[in-house]
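Single-letter residue listing:
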Amino acid sequence: MTKVLVLNGPNLGRLGSREPDVYGATSYAGLVERCTALGKELGLEVEVRETNSEQSMIEWLHEAADGRTPVVINPGAFTHYSYGMRDAAAQRTAPLIEVHISNPYARETFRHNSVIAAVASGTVAGFGIGSYELALRALAEQLVTK
């Protein structure tokens, strides 16, 4: 089984209670369960992580690059300004898919810019928790066609 990291940035551990009108009612535990279950169906060993620390996220991206590990990443607010995270993501050695629960372009103007998108394999946004499932399916497809 191919190992895949699903990395989540700030405030995503509060899913289910944080702005449910924007992010839905699924809890973080529910997200982890859905990602790992779909991963098994797709033949992927999915490990889901969450941090409010930019340093931890950058270290995880380095770990993924060093291990040639595919990544699905929801950088949260780091999406819009973390050049350190962008530079770490640019070092990727396997597919990296940026994911967002909401559609950033339908929200505040400051959310319209992603510093990660230009170095990602692709971006999936606006489909709620389903964005993660679409990203994992796309990632599995990329791994098969390599």
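As shown above, the structure is provided for reference.
Residues numbered from 1 in each chain as written. Predicted model: local features only at pLDDT ≥ 70, side-chain atom pairs only at ≥ 80, totals over all residues. Heavy atoms only, no water.

> Requested: an account of the overall build of the protein chain, with residues and values cited.
From N to C terminus, the protein chain includes five helices and five strands. Relative to the globule expectation of 15 Å for 146 residues, the C-alpha radius of gyration of the protein chain, 14 Å, shows essentially globular dimensions. In terms of overall dimensions, the protein chain has C-alpha extents of about 35 × 30 × 25 Å along its principal axes. Relative to its full complement of 146 residues, the protein chain shows a buried share of 47%. Partitioning the contacts of the protein chain with sequence separation of at least 6, the portion at a separation of at least 24 is 76%. A total accessible area of about 7,000 Å² is found for the protein chain, and carbon and sulfur atoms account for 49% of it. Charge centroids of the protein chain, computed over 13 positive and 16 negative side chains, lie 2 Å from each other. (Helix = DSSP H or I, 4+ residues; strand = E, 2+ residues; numbered from the N terminus. Rg over C-alpha atoms; globule rule 2.2 N^0.38 Å. Buried < 20%, exposed > 50% of the residue type's maximum accessible area, 1.4 Å probe, protein only. Contact = heavy atoms within 4.5 Å. Areas by Shrake-Rupley, 256 points an atom, 1.4 Å probe, with all protein chains shown as cover. Lys, Arg positive; Asp, Glu negative; His and termini not counted. Charge placed at Lys NZ, Arg CZ, Asp CG, Glu CD.)

> I'd like a description of the pattern of salt bridges, backed by residues and values.
Applying the stated criterion across every chain yields a total of five salt bridges. Between Arg49 and Glu47 there is a salt bridge, and its shortest N-O distance comes to 2.8 Å. Assessed through its relative accessible area of 29%, Glu47 is described here as partly exposed. For Glu63, the salt bridge identified is with Arg49, shortest N-O distance 3.0 Å. Here Glu63, found in helix α3 (residues 54-67), pairs with Arg49, found in strand β2 (residues 44-50); they are 14 residues apart in sequence, far enough to count as distant. Take Glu63: its relative accessible area is 35%, and that puts it in the partly exposed class. Within the structure, one salt-bridge network assembled from shared partners comprises Lys3, Glu47, Arg49 and Glu63. (Salt bridge = Lys/Arg side-chain N within 4 Å of Asp/Glu carboxyl O.)

> With reference to specific residues and values, describe the environment of Gly13.
Its place among the elements puts Gly13 in the loop between β1 (2-8) and α1 (20-23). Taking relative accessible area as the criterion, Gly13 reaches 35% and is therefore assigned partly exposed. Setting aside anything within four residues of it in sequence, one finds Gly13 in contact with Tyr28 and Glu50.

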